[in-house]
Amino acid sequence: MPKSTKHKKARVADFAKAKLKLGKGKQIAANATNTSFSAKSIALPNQSLADLPKSEPTSRRNLTITELLVQCRHYSVPVKKEALTEIGTLLDSYPHLLELHLLPLVGALSHLISDPSPSLRTAARKMLEKLCEELDEDKLAAASKGLVLFTLAALSSLDEGTRIDALKVLDLLLEYIPEEIVRGWEELSGPEGELVDRGVGAKVVEALLGVLRVRNVALSAAQGSFTSASSGDLSPAARLAILRTLSTFFTVALSPSASTSDSAWYLSSSFLTPRAYASFRQSFVPNLPLTPLHALATPSATDLFPLASLALPSLSSTSTNAPPQTTRDALLPLLHPTLLASFLDAAPTAFSPTPSSSAQEMDTIVAVLDVAKSLYWSSLSGSVKDEDGKDGKEKDERKLLVALLGHVGAYFPFGADAVEARTVEAEEQLLDLNLVFASLVSLLILSSSSGSSDETRKRSMKAKKREKQLATEGKINKMIEVVASWVGEALRGELTTASYPMGMTLSAEAYSALEPTLWALLNQPDAPPEIFDAILTHFGRCSSGSEAKRLSFGFISRAVLVGSDPAYLDRFTVSPEAAGDPESPVGKWVLSLPKLLWELGAKHPETTEMVLQFLQKIALQGPKGFFYPIIPTLLPTLVPFFHLQHPKRGSIAGPFAKLDPKIQKRALNLVWALLRDAGDGGAKLRDAAGKALESKEVKEEVREQWKMML
């Protein structure tokens, strides 16, 4: 049958071409979208016909800083970069604008930290550095909360360049507002919605560990686990950047000298109680008020034996095998695999005897050891020396330290096998590495158990475990022996390299970093006397007015007098035979102090007061003191310090007359203490002091004190 007409019409309707009529135009499609709009006015600030004056300073494009901050959110990179440039110009010309627009400016820079453009991130960081230099710490810390959060968000970026730039911003904040960045870093994050401000320190640690692909700290602390993920997918540059930032963070947060001004903090674990150590430390603080004469003459029993020093340690302080509860407790086991892997990757190239090593590998080694030093010293330096009081956590941390040092020690001393001369910066960097390694090895001594408990523990061990323990102790003793030899050479100036064929001289900074190591080596079981002799030799090699001389004298004086404190617990003491022998090294050192006083003169009053204070301490010990036998030999050597009779020039006033009146009074106290038991042997010293007081430079108040003494 023929097809129906209806189907033919439908087919024609689907494919028929519309006929256009003249003058009607093209028809609008059925699915077309209307894009037309209407507005009463269009704001074009840059093309305004009305040149109205503005109340605020403007840039070369006639834009205020508020308008430029709006352009910092523009989608175009050149527009944002130009806005930053003009903001910098305005701040240079009108510094008062900084505090007026501080919060909006910091907010604009915070958004640019994670910008996709590397050049824009660099420009924003330079602008931020300029702000940090201009503002004081309090104002910058108050405006930094949003900046820190945006920086931590940038650390989680998928782009490696963005993460590295965010680390640079974090380094900048650690430099200018360190306390704000590390505040609350040991506390685990609180519950969501908590109103208590715990600080951003814990969030910073978690963000940094996240960049290293390390497990979340809070989760690890809660579960007591130390599993960490691999960070092998990081490039060497990214790993170096994160390790540097971690090193800076832990140096600020954990360094003993960063939180206190105590330069002898390593002595704190050698006393029975913290109060006893504080009392000993206070007695060495210079510029203290002078002690009254009647107190010097008859010290009370409570002064010599404070009741606090006889108190027993609190039983509640003894820890049990509990899981870690803070960020610090979980950090060491978390970071140990990363630190070890980073060192093993960089060490072969960094310590190559040929000059093929690059700065990146060496910087990685420095960052790894700095992080390890901060963490291990913070965790183990205060540990008790009795095995019964040492919990499982501290044992595990000590094992991790031994494992790390076992790999690092294969290259110690660092740079000793170099065949070509290095730059001065490279030599100083290698010296710092050697000092850090020596410090970590000395920590094994300070955290070791006492001899009696150690022998008891060995007898109770099983055979296999005992053999393993003996092997570990053998490795530790070998490292201690190598470090002790290197330290002795460093103190005697016998460290020779291709750049220093005549030997290196330790700077004041290097000696200060070496002091904890020296104290640990002196307190090791059966410590050889060569270590203390080398310390005394270094003191003699330093110039009189140098900072190294002052530091060396402070260390020796504390080491000599610490044994007389009733609350002292450690091994090292100066024997009475050596102290009373004028021919022994320590006896010669004491007898050389009057010459040092003459050389110091009035140019270094702080060191002069330290020497006078030490001599007064040993003089007040009386006949029971270890140094009493050499006091008669000491008396005539002090005469030139007060007055000198020259064969040709006649009567000459010594350095005493040019000192500050307060130091002069301390020197007279020393004379009084020496003359108490001297008898006729102190006549010359008494006459010299009397002639020195006749000088016109001596004030009347000093003469009055001398009259009271007589």
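Residues numbered from 1 in each chain as written. Predicted model: local features only at pLDDT ≥ 70, side-chain atom pairs only at ≥ 80, totals over all residues. Heavy atoms only, no water.

## Let's talk about the overall build of the protein
Our working definition: A run of DSSP states H or I qualifies as a helix once it reaches four residues; a run of E qualifies as a strand once it reaches two. Both are numbered from the N-terminal end. Exposed residues in this analysis have more than 50% of their type's maximum accessible area, buried residues have under 20%, and partly exposed residues fall in between, with area computed by a 1.4 Å probe over protein chains only. Pairs of residues are marked as contacts when any of their non-hydrogen atoms sit within 4.5 Å. For the accessible areas, the method is Shrake-Rupley and the probe is 1.4 Å, while residue cover comes only from the protein chains on display.
Each helix and strand counted, the protein has 35 helices and 2 strands in total. Of all 710 residues assigned to the protein, the portion counted as buried reaches 45%. Within the protein, counting contacts between residues at least 6 apart in sequence, those at least 24 apart form 70% of the total. Accessible surface for the protein amounts to roughly 37500 Å². Of this, 56% is attributable to carbon and sulfur atoms.

## Observations regarding the pattern of salt bridges
Two side chains that carry opposite charge are able to pair once their charged atoms sit near each other. Note the following rule: Here, a salt bridge means any Lys or Arg side-chain nitrogen found within 4 Å of an Asp or Glu carboxyl oxygen.
With the rule as written, the count across this model stands at 19 salt bridges. A salt bridge links Asp 92 to Lys 130; the shortest N-O distance between them is 2.3 Å. Here the residue Asp 92 occupies a position in helix H3 (residues 77–93), and Lys 130 occupies one in helix H6 (residues 118–134), the gap between them amounting to 38 residues. Since its relative accessible area comes to 22%, Lys 130 is described here as partly exposed. A salt bridge links Lys 665 to Glu 701; its shortest N-O distance comes to 2.9 Å. Of this pair, Lys 665 sits in helix H33 (residues 661–675) while Glu 701 sits in helix H35 (residues 700–709), placing them 36 residues apart in sequence. What makes Glu 701 partly exposed here is its relative accessible area of 42%. Ionic contacts of the salt-bridge type, sharing partners, join the residues Arg 60, Arg 61, Glu 82 and Glu 86 into one network.

## Quick look at the packing of helix H30 (residues 605–620) against H33
For clarity, the threshold we go by: Simply put, an axis is a line fit to the C-alpha atoms, just over the touching stretch for a helix, and the angle between two N-to-C directions goes from 0 to 180 degrees. By the definition adopted for this analysis, an angle is roughly parallel if under 35 degrees, roughly antiparallel if over 145, roughly perpendicular if from 65 to 115, and oblique otherwise. Left-handed describes a crossing whose near helix is turned anticlockwise from the far helix through less than a right angle; right-handed describes the clockwise counterpart. Only Asp, Glu, Lys and Arg are considered charged in this grouping, and only Ala, Val, Leu, Ile, Met, Phe, Trp, Tyr, Cys and Pro are considered nonpolar; every other residue, Gly among them, is considered polar.
Running from N to C, H30 and H33 point in directions that differ by 20°, and their axes come no closer than 9 Å. The orientation of H30 relative to H33 falls into the category roughly parallel. Between H30 and H33 lies a crossing whose hand is left-handed. Residue-level inspection shows Pro 605, Thr 608, Glu 609, Leu 612, Gln 613, Leu 615, Gln 616, Ala 619 and Leu 620 of H30 in contact with H33, the latter providing Lys 662, Ile 663, Arg 666, Ala 667, Asn 669, Leu 670, Trp 672, Ala 673 and Leu 674. Among the residues forming the contact of H30 with H33, the class breakdown is 11 nonpolar, 4 polar and 3 charged.

## Points about empty space enclosed by the protein
Cut-off, in case you're wondering: Think of a 1 Å grid over the protein atoms and nothing else: a 1.4 Å probe that fits but is trapped marks a cavity, an open set flanked by protein within 12 Å on at least five of seven lines marks a pocket, and residues with an atom within 4 Å of a point count as lining. Grid points are joined across faces, edges and corners, and a volume is the space filled by probe spheres set on the points.
Inspection of every chain in the model, using the stated rule, returns 1 cavity of 30 Å³ or more. Within this model, the largest cavity holds a volume of roughly 40 Å³. Elements supplying a minimum of two residues to the lining of the largest cavity: helix H5 (102–112) and H6. The biggest single contributor to the lining of the largest cavity is H6, with 4 residues. Per-class residue counts for the lining of the largest cavity are 6 nonpolar, 1 polar and 2 charged.

## Thoughts on the confidence of the model for the protein
Stated precisely, the cut-off is as follows: On a range of 0 to 100, pLDDT expresses the predictor's confidence in each residue.
Predicted confidence across the protein gives a mean pLDDT of 79, with 78% of residues reaching 70 or more. Of all helices and strands in the protein, the one with the weakest mean pLDDT is helix H17 (residues 301–304) (40), whereas helix H26 (residues 547–561) scores best (92). Here residues 287–324 is modelled with pLDDT under 50, and outside its nearest four sequence neighbours on either side it reaches 43 contacts, counting other chains as well. In the predicted structure, residues 383–390 sits below a pLDDT of 50 and forms 20 contacts with residues beyond four places in sequence or in another chain.

## Remarks on the environment of Lys 130
Heads up, the condition is: Any N or O atom pair separated by 3.5 Å or less is treated as a polar contact, with the protein-specific requirement of one donor-capable and one acceptor-capable atom, and with residues adjacent in sequence counted only for side-chain atom pairs.
Linking Lys 130 and Gly 88, residues 42 residues apart in sequence, is a C-alpha distance of 8.8 Å. Other than its neighbours up to four places away in sequence, Lys 130 contacts Gly 88, Leu 91 and Asp 92. Within the structure, the side chain of Lys 130 is placed 3.1 Å from the backbone oxygen of Gly 88, a separation counted as a polar contact.

## Side note on helix H11 (residues 201–211)
With respect to burial, H11 is a largely interior element, 8 of its 11 residues being buried. Looking at H11, one finds that the buried residues are Gly 201, Ala 202, Val 204, Val 205, Ala 207, Leu 208, Leu 209 and Val 211. A positive phi of about 65° marks Arg 213, the residue just after H11.

## Examining the environment of Leu 433
In this fold, Leu 433 is placed in helix H21 (residues 424–446). Residue classification places Leu 433 among the buried positions, given a relative accessible area of 2%. In contact with Leu 433, other than residues within four places in its own chain, are Phe 351, Met 362, Ile 365, Val 366, Leu 369 and Phe 414.

## Section: the packing of aromatic side chains
So the rule is basically this: The pairing test for Phe, Tyr and Trp rings, Trp by its six-membered ring, is centres within 6.5 Å, and the orientation test on the planes gives stacked under 30 degrees, edge-to-face over 60, and tilted for anything in between.
Applying the stated criterion across every chain, the model contains 28 aromatic pairs. Centroid distance Trp 265 to Tyr 266: 6.1 Å. Interplanar angle 75°. Geometry classified as edge-to-face. With 5.1 Å between their ring centres and 85° between their planes, Phe 641 and Phe 642 make a pair best called edge-to-face. Residue classification places Phe 642 among the buried residues on the basis of a relative accessible area of 1%. Three or more aromatic residues joined by ring pairs form one cluster here, namely Phe 271, Tyr 277, Phe 280, Trp 519, Phe 532, Tyr 568 and Phe 572.

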